[in-house]
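Report on the structure
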Amino acid sequence: MSNVVGSRRPIGAMMCFTSRAVRSVFTRSYQVCPRPNVYKKGHVREHRRLLHFSFNPNFKNTHINLSSQDEKKPQHNKDNKSEGNGGKKENGEENEKNSDKKRKNGEQEFKSLSEYFRSKEFAKTMYLTVGSIVLFNLITSSDKPAGADLQPLTFQDFKTKYLEKGLVKRLYVVNKFLVEAELTPQVDHDGNARQSGFLGSGPPVVAFTIGSVDIFEEQMEDIQDKLKITPEDRIPITYVQRASIFQYLFPFLPTIILLGGLYFITRKVGGGANGAGGGGGPFGGMFGVNKSKAKLFNKETDIKVSFKDVAGCNEAKQEIMEFVHFLKNPAKYTALGAKIPRGAILSGPPGTGKTLLAKATAGEAGVPFLSVSGSEFVEMFVGVGASRVRDLFEQARKMAPSIIFVDEIDAIGKERGKGGAMGGANDEREATLNQLLVEMDGFSTSDQVVVLAGTNRPDVLDPALMRPGRFDRHIQIDAPDVEGRKAIYLVHLRKLNLDKILTKSDREREELAGKLAALTPGFAGADIANACNEAALIAARNNAPCIELYHFEQAIERVIAGLEKKSRVLSPEEKKTVAYHEAGHAVCGWYLKYADPLLKVSIIPRGQGALGYAQYLPPDQYLISEEQFQHRMIMALGGRVSEEIHFPSVTSGAHDDFKKVTQMASAMVCSLGMSPKIGCISYDQGDVSFQVNKPFSEVTANNIDSEVKRIVGDAHAKCEKLLTDNLEKVDKVAKELLSKEAITREDMIRLLGPRPFPERNEAFEKYLDPKNINNGENTSPATN
Ligand SMILES: Nc1ncnc2c1ncn2[C@@H]1O[C@H](COP(=O)(O)OP(=O)(O)OP(=O)(O)O)[C@@H](O)[C@H]1O
Ligand SMILES: [Zn+2]
């Protein structure tokens, strides 16, 4: 039973254990989703109009590239400086140039199917296909039973028509089951014999099959005895074996398959995921592991992201604009003797749009973008990481001007020498990092390669990475505040088919975005993208023609608290306990000045183990007061205290609440200077798991323990007083919860009267307070 509070700020985060856990699951699931503007080769974009077929004659990378003329135009116009006069002509020239380039690369573009049919490429393909079919037939035809193209006779016919008339000159027993009889040339064969056979264009031949060679020989002897043919004149029988080429090849088949498989695998390994690695030949460099696995996004095909797709983070955009300017006109910088910035580290919590921003930079500058994840450098072979780094930079230099983006750089960029005692694997990581440092130093000023890197942990990075000349810019991207979230919602709402009422005018659209932003404190860009997508999925599941507000509300709840588990049936006693527990939290929150606005309380089991939950809306807040901590602790204890008051025995349902309370109290004592006994000293222990010795004495340890205990005890006492004073109110809320399973803020106002304090969340008042929203009534979620 947990309070789901969205804030993920370092301190506020203590209140959101559940939402954090849920988030990490969600983030992973998000990353599986295809990113909207990234297309792999061969993926077909359906909504484009004009077809461009581009075929690669060596059949390796044949891909169909469907793109629309209209989409390409703006880009050309942007690149064109002399737009007014002859802009069209230049567009044409540029198209020419592009297709020249493609032709050079062995690719050719065709404007229509008929053009392709008339082309050399098509002829080549046809020749190859027909050739293969003919070859195949040649090979397999020899596999047919020998003489199969002769119409076989019965033995009886052979005997009466040829043998007894003395027309047979010689017999060939082929593969022990077919007999070909060579006839005397002057025979008047009645259509069954023909002028050729395996004997070539020679005497006429007939054929018949036999069951067993022994019986056939006996029969021949008998017949010839009866015909009184002397032993010298008897018909000679020759035994021949004829085998198809396949029969000879068959024993080698497993070997051929094995070698073929190996060849295929090495190509895959060596080729890099998207062809950026270039392959390096089938067996190049130990199966090609030395090649960088960077994915290449090219401006013509993949990068359609620009700064307008990245909402918020204006400061970051401004900083990064400088890289774009440099890549667009480096001469201006070099002429002044300015050294070009080498790279920038984009840091921030997960899902805040670091990758998106880097991609937008490449999109704006219109240069190739090589994206690689830090972990992809690491492989089981020693030295691979370093050579992959080398290969990556080599590729980038060949394509310059270009941008390299190393995601999760902390995988290789961790401070060297730390934790060395933990294992030898560090050496490999260090070698990779060293190579990265060397490569970044190795750029000459004329190299127009910019390295961007993303990380969630800038604190663990090696200082050498951050020094001037390497990643000398550090761009921090924070989780967005309410206005930032609103802007991100606006970006993602553009792609959705919304209810007309929600999008009547820009004002309505902004209002919707604002409302959603206020409902989702602590959401990063990726969560917002996910919530929008989830809303569309829910609408589709309900067969709704468009997305309505309550779809969003369900989606948000799902992203925050996980899936409703209606199938998890609680016993009536358990249900009652959960109801009183949640009612305790809710009533505490209602009467505490510094508690966050309550949105919803529910006792429907959800997600990972939460039996009930209450959703609050913390404001975007950068400082938390001592009083606020106390109120949060009282609220967190409300569940357990309510159980204590209303039931003879308590349950295990409060363990998550205790965790939060303890974390808050420890932080207050150890690092926030909120305990008079400990004073203004920080005993912040950081990563406790690696620490053997505590940085304080035994006495201090005892003091810390007793202070934490005192603070939690105080909160418990205050909570107890609050809930005993409001006994019947808890009762009311719990009963309502039991009957409705979920109650909203409006229900709480109806049951307890309005909150005695003004809400301290501006966003809440601006976008969500019923006073300001005239259609607030029809928006309650359909979850109850
Ligand atoms: N500022 C933003 N504007 C619009 N969309 C955003 C923004 N930030 C994030 N998103 C959405 O979230 C998705 C994921 O963002 P991205 O991959 O850039 O996050 P990240 O910071 O690189 O995450 P991680 O640290 O986990 O790698 C984007 O594809 C985009 O849809
Ligand atoms: Zn609880």
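Residues numbered from 1 in each chain as written. Chains lettered and ligands numbered in written order. Predicted model: local features only at pLDDT ≥ 70, side-chain atom pairs only at ≥ 80, totals over all residues. Heavy atoms only, no water.

In the nomenclature of an unreviewed UniProt entry, the protein chain corresponds to AAA+ ATPase domain-containing protein from the organism Zygotorulaspora mrakii. Looking at the protein chain in UniProt, the text filed under Subunit (unreviewed entry) is "Component of the 850 kDa m-AAA protease complex, a heterohexamer composed of YTA12/RCA1 and YTA10/AFG3. Associates with the prohibitin complex, composed of PHB1 and PHB2, inhibiting the activity of the m-AAA protease complex." Here the protein chain is described in UniProt, under the heading Subcellular location (unreviewed entry), as follows: "Mitochondrion membrane". (UniProt positions renumbered as here; feature names shortened; annotations may be inferred.)

**Re the overall build of the protein chain**
Each helix and strand counted, the protein chain has 28 helices and 17 strands in total. Within the protein chain, residue pairs in contact and separated by at least 24 positions form 71% of the contacts whose partners lie at least 6 positions apart. For the protein chain, the exposed area adds up to about 40300 Å²; of that, 56% sits on carbon and sulfur atoms. (Helix = DSSP H or I, 4+ residues; strand = E, 2+ residues; numbered from the N terminus. Contact = heavy atoms within 4.5 Å. Areas by Shrake-Rupley, 256 points an atom, 1.4 Å probe, with all protein chains shown as cover.)

**Points about the UniProt feature "transmembrane region" (unreviewed entry) in the protein chain**
Those residues carrying the UniProt feature "transmembrane region" (unreviewed entry) are residues 245-265 in this numbering. Along residues 245-265, the helical share is 86% and the strand share 0%, with 28 Å between the first and last C-alpha atoms.

**Focus: the site of ligand 1**
Neighbouring residues of ligand 1: 21 residues in total, closest Ala311, Lys354, Thr355, Leu356 and His492. Out of a free accessible area of 630 Å², ligand 1 has 95% covered by protein chains. At the level of secondary structure, the elements contributing two or more residues to the shell around ligand 1 comprise helix H1 (17-32), helix H13 (354-365), helix H18 (482-493) and helix H20 (525-541). Class assignment for the residues of the shell around ligand 1 results in eight nonpolar, eight polar and five charged. When residues are assigned to domains, the shell around ligand 1 turns out to be shared by domain 4 (279-476) and domain 5 (482-561), each giving three or more. (Near = heavy atom within 4 Å. Nonpolar A, V, L, I, M, F, W, Y, C, P; charged D, E, K, R; others polar. Domains from an automatic or database assignment.)

**Some thoughts on the packing of helix H22 (residues 572-591) against helix H23 (residues 626-646)**
Put simply, H22 and H23 touch, their axes get as near as 7 Å, and they point 135° apart. It follows from the interaxial angle that H22 and H23 lie oblique. Here the hand of the crossing between H22 and H23 comes out right-handed. In this structure, H22 contributes Thr577, Tyr580, His581, Gly584, His585, Cys588 and Gly589 to the contact, and H23 contributes Ile634, Met635, Ala636, Gly638, Gly639, Arg640, Ser642, Glu643 and His646. Across the contact of H22 with H23, the residue classes break down as five nonpolar, nine polar and two charged. (Axes fitted to C-alpha atoms, helices over the stretch in contact; angles between N-to-C directions. Parallel < 35°, antiparallel > 145°, perpendicular 65-115°, else oblique. Left-handed = near helix turned anticlockwise from the far one by under 90°.)

**Considering the sheet that holds strand S14 (residues 473-476)**
Taken together, the six strands give an open sheet; going across it, the order is S9-S11-S12-S13-S10-S14, and neighbouring strands pair in mixed fashion. Edge positions in the sheet fall to strand S9 (295-297) and S14, since each of these pairs with one other strand and no more. Averaged over all pairs of adjacent strands, the angle between their axes in this sheet comes to 20°, without regard to strand direction. Bridging between strand S10 (residues 343-347) and strand S13 (residues 449-455) involves five bridges; their strand directions are parallel. Residue pairing for S13: glycine 343 is matched across the bridge by valine 451. (Pairing = 2+ DSSP bridges.)

**Comments concerning the pairing of strand S15 (residues 598-602)**
With five of five residues buried, S15 lies mostly within the body of the structure. For S15 and strand S16 (residues 613-616), the ladder comprises four bridges, and the chain directions are antiparallel. Across the sheet, residue leucine 598 finds its bridge partner in S16, namely tyrosine 616. Note that S15 and strand S17 (residues 742-744) share three bridges and pair antiparallel. Each residue of the ladder has a partner; that of lysine 600, found in S17, is threonine 744. (Buried < 20%, exposed > 50% of the residue type's maximum accessible area, 1.4 Å probe, protein only.)

**Examining the coordination of the zinc ion (ligand 2)**
At this site the zinc ion (ligand 2) is bound by His581 (NE2), His585 (NE2) and Asp657 (OD), with donor distances of 2.1 Å. Site description for the zinc ion (ligand 2): donor spacing in sequence, H-x3-H-x71-D. Taken as a pair, histidine 581 and histidine 585 lie in helix H22 at a separation of four residues, close to a single helical turn. No difference in accessibility class separates histidine 581 from histidine 585, as the two residues are buried. (Donors = N, O, S within 2.8 Å, 3.2 Å for Na, K, Ca; no water.)

**Digging into helix H27 (residues 745-752)**
All of the buried residues in H27 are Arg745, Asp747, Met748, Leu751 and Leu752. Axial view of H27: buried residues confined to an arc of 155°, hence all on one face. Tucked into the core, H27 has its buried residues touching H22, S15, helix H26 (727-740), S17 and helix H28 (762-768). (Arc of directions from axis to C-beta.)

**Considering the environment of tyrosine 239**
Among the structural elements, tyrosine 239 can be located in strand S8 (residues 237-240). Those residues in contact with tyrosine 239, other than ones at most four positions away along the chain, are Val173, Val213 and Glu217.

**Considering helix H6 (residues 155-163)**
It helps to recall that an α-helix has 3.6 residues per turn; residues three or four apart then point in one direction. Listing the buried residues of H6 in full gives Phe155, Phe158, Lys159, Tyr162 and Leu163. Burial along H6 is one-sided: seen end-on, the buried residues are contained in an arc of 115°. Residues of H6 that are buried in the fold lie against strand S5 (168-174), strand S6 (178-183), strand S7 (205-209) and helix H7 (213-226).

**As for the sheet that holds S5**
Here four strands make up an open sheet; going across it, the order is S7-S6-S5-S8 and the pairing mixed. Only two strands of the sheet have a single partner each, and these edge strands are S7 and S8. Neighbouring strand axes in the sheet, compared pairwise and without regard to direction, differ in orientation by 25° on average. Here six bridges tie S5 to S6, and the two strands are oriented antiparallel to one another. From the neighbouring strand, leucine 171 faces S6, where its bridge partner is alanine 181.

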